[in-house]
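Understanding the architecture of this molecule
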Amino acid sequence: MNNDSTVKYFMQGVAYALPQVPPNKCKGIIFTILSAFLFGITPVLTSLTYNMGGTPETVTLFRNLFAVPVLLLTLWLKKIPLSLPLPVLRNLVLFGIIGGGITTLLLYMSYPYVGIGTATTLHFLYPIFVCLMCRIFFKERLGLQKIIVLFIAGAGILCFIDVKQITQITHITGLVLAGVSGITYAIYMVGVEKKKIDQFNPWLIIFYIAVSVSIFMLLYSIPTNKIVLLLPLKAYFYMFVLSMLTSLFAVLLLQLGIKYLGASAAAIFSLFEPVTSIISGGMFLNETITVGKIMGCILISFAVILLTTNKQVQTREVCNKD
């Protein structure tokens, strides 16, 4: 059985399990949750690289740089032309740097200040920012059920925060960095949908994002000099795996999720990422899984299930006007 047949039967199985959900929405849900799962292991690989002398700037650079030749080869094999309309390319570069460069750098920089758990949790306030941006700037109707889902998911996110840890923090730098990373990521998700970037070939999109972020980080390193090259071979291996799982597959799946669900719904389904981070942190970094974290996972899972049954998002929403 080839890979196409496997994917086909997998999609059919999901459609059978969710008979009331349109096929395109099924695809969007699957792609977004898989993307969240892959993104969720990022803190583990990042932490392992930090332990070997890596810096946030180093990981951000190589996470994108390693993906460039793989993506270029993929485009060549698939015979996908590199050309894009200039306005689309301009927007893609802009939002790619915001989402793949600035967001990642801010989040990675916050880890030493507040820890991976708290930083990831604060970053995942971005679904709320996405919905607010869609409502304020594009007059998108959220609906009562989606608002309730956001409150439930927000409560689940807050369960992940260790209050004792926060009260011990004397410097608010980490909290600000993690929070702002959520805002910049929301800008990226909304920009990809509203500027119609998600309508183009996803392989082409993530190629230009990887190239843009790599160039941005190289330019950023000139005045800052914070990119470390003398690292153990194992550190480069971890960054390569991180690149393939996130900058390649996770970003690709997220683009497809936005295409089929819209930015606001895809953002909420992405809330599976902190759940994955908590589980992987406990398994590989020996982080404590508290009752609060378990409650957070339950609330987020409930919110996502509730959104799945929401008739309002059973078709893709693109700025419904009041």
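Look up: the structure comes first, before these words.
These lines cover the structure that appears in this document, whether it is placed above or below. (Residues numbered from 1 in each chain as written. Predicted model: local features only at pLDDT ≥ 70, side-chain atom pairs only at ≥ 80, totals over all residues. Heavy atoms only, no water.)

1. Brief notes about empty space enclosed by the protein
- What the rule picks out here adds up to three cavities of 30 Å³ or more.
- In this structure, the largest cavity encloses a volume near 340 Å³.
- In terms of lining residues, the largest cavity is bounded by 28 residues, among which Phe39, Arg63, Gly99, Thr104 and Tyr185 are the most central.
- Element by element, the count of residues in the lining of the largest cavity is highest for helix 6 (residues 86-123), at 10 residues. (1 Å grid on protein atoms, 1.4 Å probe; cavity = no way out; pocket = protein on both sides within 12 Å on 5 of 7 lines; lining within 4 Å. Points joined across faces, edges and corners; volume = space filled by probe spheres on them. Helix = DSSP H or I, 4+ residues; strand = E, 2+ residues; numbered from the N terminus.)

2. Thoughts on the nonpolar core
- Ranked by internal contacts, the top residues of the largest apolar core, which has 86 residues, are Leu71, Tyr126, Val130, Tyr188, Met189 and Trp203.
- With 16 residues, helix 12 (residues 233-261) is the single largest residue contributor to this core.
- With near-sequence residues (within four places) excluded, Met189 lies in contact with Tyr126, Val130, Leu254, Ile258, Ala263, Ala266 and Ala267. (Core = buried A, V, L, I, M, F, W, Y, C linked by side-chain atoms within 4.5 Å. Buried < 20%, exposed > 50% of the residue type's maximum accessible area, 1.4 Å probe, protein only. Contact = heavy atoms within 4.5 Å.)

3. Some words on a nonpolar patch on the surface
- A cluster of nonpolar side chains, contributed by Ile289, Val291, Ile294, Met295 and Ile298, occupies part of the molecular surface with about 470 Å² of accessible area.
- Here Ile289 shows up in the loop between helix 14 (272-284) and helix 15 (291-308).
- Of the residues examined, Ile289 reaches a relative accessible area of 43% and is grouped as partly exposed. (Patch = residues over 30% accessible without salt bridge, like charges linked within 9 Å, V, L, I, M, F, W, Y side chains within 5 Å. Areas by Shrake-Rupley, 256 points an atom, 1.4 Å probe, with all protein chains shown as cover. Salt bridge = Lys/Arg side-chain N within 4 Å of Asp/Glu carboxyl O.)

4. A short note on the packing of helix 3 (residues 42-50) against helix 12
- Packing of helix 3 against helix 12 brings their axes to within 9 Å, and their N-to-C directions diverge by 160°. On the basis of their axis angle, the class for helix 3 and helix 12 is roughly antiparallel. Judged by the twist between their axes, the crossing of helix 3 over helix 12 is left-handed. Here Thr42, Leu45, Thr46, Leu48 and Thr49 of helix 3 come into contact with helix 12, specifically with Ala235, Tyr238, Met239, Val241, Leu242, Leu245 and Thr246.
- Across the contact of helix 3 with helix 12, the residue classes break down as eight nonpolar, four polar and no charged. (Axes fitted to C-alpha atoms, helices over the stretch in contact; angles between N-to-C directions. Parallel < 35°, antiparallel > 145°, perpendicular 65-115°, else oblique. Left-handed = near helix turned anticlockwise from the far one by under 90°. Nonpolar A, V, L, I, M, F, W, Y, C, P; charged D, E, K, R; others polar.)

5. A look at unusual backbone geometry
- For Lys79, which is not glycine, the phi torsion reads 55° and is therefore positive.
- Structurally, Lys79 is set in the loop between helix 5 (67-77) and helix 6.
- Not every positive phi belongs to a glycine, and Asn225 is a case in point at roughly 55°.
- On the secondary structure map, Asn225 appears in the loop between helix 11 (202-224) and helix 12.

6. Regarding helix 4 (residues 56-65)
- Burial runs high along helix 4: nine of the 10 residues are buried.
- Among all positions of helix 4, only Pro56, Glu57, Thr58, Val59, Thr60, Leu61, Phe62, Arg63 and Asn64 are buried.

7. Examining the packing of helix 11 against helix 12
- At a minimum axis distance of 9 Å, the contact between helix 11 and helix 12 shows a crossing angle of 130°. In terms of orientation, helix 11 and helix 12 fall into the oblique class. Read as a crossing pair, helix 11 and helix 12 show a hand that is right-handed. Here Pro202, Trp203, Ile205, Ile206 and Ile209 of helix 11 lie close against helix 12, whose contacting residues are Ser247, Leu248, Val251, Leu252, Gln255 and Leu256.

8. A closer look at the packing of aromatic side chains
- Taken as a whole and assessed by the stated rule, the structure comprises nine aromatic pairs.
- Centroid distance Tyr126 to Tyr185: 4.8 Å. Interplanar angle 80°. Geometry classified as edge-to-face. Taken together, the positions of Tyr126 in helix 7 (residues 126-138) and Tyr185 in helix 10 (residues 173-194) put the pair 59 residues apart, joining distant regions of the chain. Tyr185 matches Tyr126 in its accessibility class, with the two residues each being buried.
- Measuring from ring centre to ring centre gives 5.3 Å for Phe207 and Tyr208, while their planes differ by 65°; the resulting arrangement is edge-to-face.
- Through a chain of ring-to-ring contacts, the aromatic side chains of Phe62, Phe66, Tyr236 and Phe240 assemble into a single cluster.
- Positioned above the aromatic ring of Phe138 is the side chain of Lys194, whose terminal nitrogen or guanidinium carbon lies 5.6 Å from the ring centre. (Phe/Tyr/Trp six-rings, centres within 6.5 Å; stacked < 30°, edge-to-face > 60°. Lys NZ or Arg CZ within 6 Å of the ring centre and 35° of its normal.)

9. As for the environment of Tyr108
- Note on placement: Tyr108 falls in helix 6.
- Judged by relative accessible area, which is 1%, Tyr108 ranks as buried.
- Taking the C-alpha atoms as reference, Tyr108 lies 9.4 Å from Thr120; in sequence the two are 12 residues apart.
- Among residues more than four places away in sequence, those in contact with Tyr108 are Thr42, Thr46, Tyr50, Pro56, Val59, Thr60, Arg63 and Leu242.

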